[in-house]
Amino acid sequence: MSIFAVEYVYNPDHDDLRAQHRPAHRQWLEELVGQGRVLASGPFADGSGALLLFSSESESDLSRLVGQDPFAVAGAISAVKTTEWKPIIGAFRDHV
């Protein structure tokens, strides 16, 4: 398993859309935490997006998974950047 940092970019014009789908989005994330797929998740303080840390076999598997996010299904994410990450020091180093 690899760790991937996923950055969501939000369009400020979609604040209401995200608010509408936030409960389903958070429930989806909590289910993935229980499965060990999401290691951490949270919005940026300025509201411009979010950072999510996933554990995944591959980037293609992760892309399919992220496409199931209720925010993605609703069109509430403007852009997604995915980067494989190799933590050496700290809380996530034992996940690689």
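These remarks concern the structure in this document. (Residues numbered from 1 in each chain as written. Predicted model: local features only at pLDDT ≥ 70, side-chain atom pairs only at ≥ 80, totals over all residues. Heavy atoms only, no water.)

Points about the environment of Phe-71
Which entries qualify depends on this criterion: What counts as a helix is a DSSP run of H or I of at least four residues, what counts as a strand is a run of E of at least two, and both are numbered from the N terminus. Here a residue-residue contact requires only that any non-hydrogen atoms of the pair lie within 4.5 Å.
Among the structural elements, Phe-71 can be located in helix α3 (residues 70-74). A C-alpha to C-alpha distance of 20 Å links Phe-71 and Gln-35, two positions 36 residues apart in sequence. Apart from residues lying up to four places away in sequence, Phe-71 is in contact with Tyr-10, Arg-18, His-21, Arg-22, His-25, Ala-76 and Ile-77.

A short note on the nonpolar core
Going by this rule: For the purposes of this section, nonpolar cores are sets of buried Ala, Val, Leu, Ile, Met, Phe, Trp, Tyr and Cys residues that join through side-chain atoms within 4.5 Å. The buried label goes to any residue with under 20% of its type's maximum accessible area, the exposed label to any with over 50%, and the partly exposed label to all in between, with areas taken from a 1.4 Å probe on protein chains only.
Core analysis: the biggest nonpolar cluster contains 17 residues, and Tyr-8, Trp-28, Leu-52 and Phe-54 have the highest contact counts within it. Discounting residues that sit within four places of it in the chain, Leu-52 has contacts with Phe-4, Ala-5, Val-6, Tyr-8, Leu-29, Ala-40 and Ser-41.

Observations concerning helix α1 (residues 15-34)
For clarity, the cut-off: To estimate how far a helix should extend, the number of its residues minus one is multiplied by 1.5 Å. We define the bend at any residue as the angle between the axes fitted to the seven residues before and including it, ending there, and the seven starting there.
In this model, α1 (20 residues) spans 27 Å end to end at C-alpha, consistent with the 28 Å of a helix rising 1.5 Å per residue. At His-21, α1 shows its largest kink, close to 55°, and the proline Pro-23 lies no more than four residues downstream. Arg-18, His-25, Trp-28, Leu-29 and Leu-32 are the residues of α1 that are buried. Tucked inside the fold, the buried residues of α1 contact β1 (2-9), β2 (38-43), β3 (49-56), α2 (59-66) and α3. Two residues or fewer after α1 comes Gly-36, characterised by a positive phi angle close to 80°.

Considerations on the pattern of salt bridges
Just so we agree on the cut-off: Should a side-chain nitrogen of Lys or Arg be within 4 Å of a carboxyl oxygen of Asp or Glu, the pair is scored as a salt bridge.
Following the criterion strictly, the structure yields 4 salt bridges and no others. Here Arg-18 makes a salt bridge to Asp-15, at a shortest N to O gap of 2.3 Å. Of this pair, Arg-18 and Asp-15 both sit in helix α1, separated by 3 residues, roughly a single helical turn. The class of Arg-18 is buried, set by a relative accessible area of 3%. Between Asp-61 and Arg-37 there is a salt bridge, with the nearest N and O atoms lying 2.8 Å from each other. Of this pair, Asp-61 sits in helix α2 while Arg-37 sits in the loop between α1 and β2, and the two are 24 residues apart along the sequence. Using a relative accessible area of 21% as the deciding quantity, one classes Asp-61 as partly exposed. Accessibility expressed as a relative area gives 16% for Arg-37, which makes it buried. Beyond isolated ion pairs, a larger network of salt bridges with shared partners links Arg-37, Asp-61 and Arg-64.

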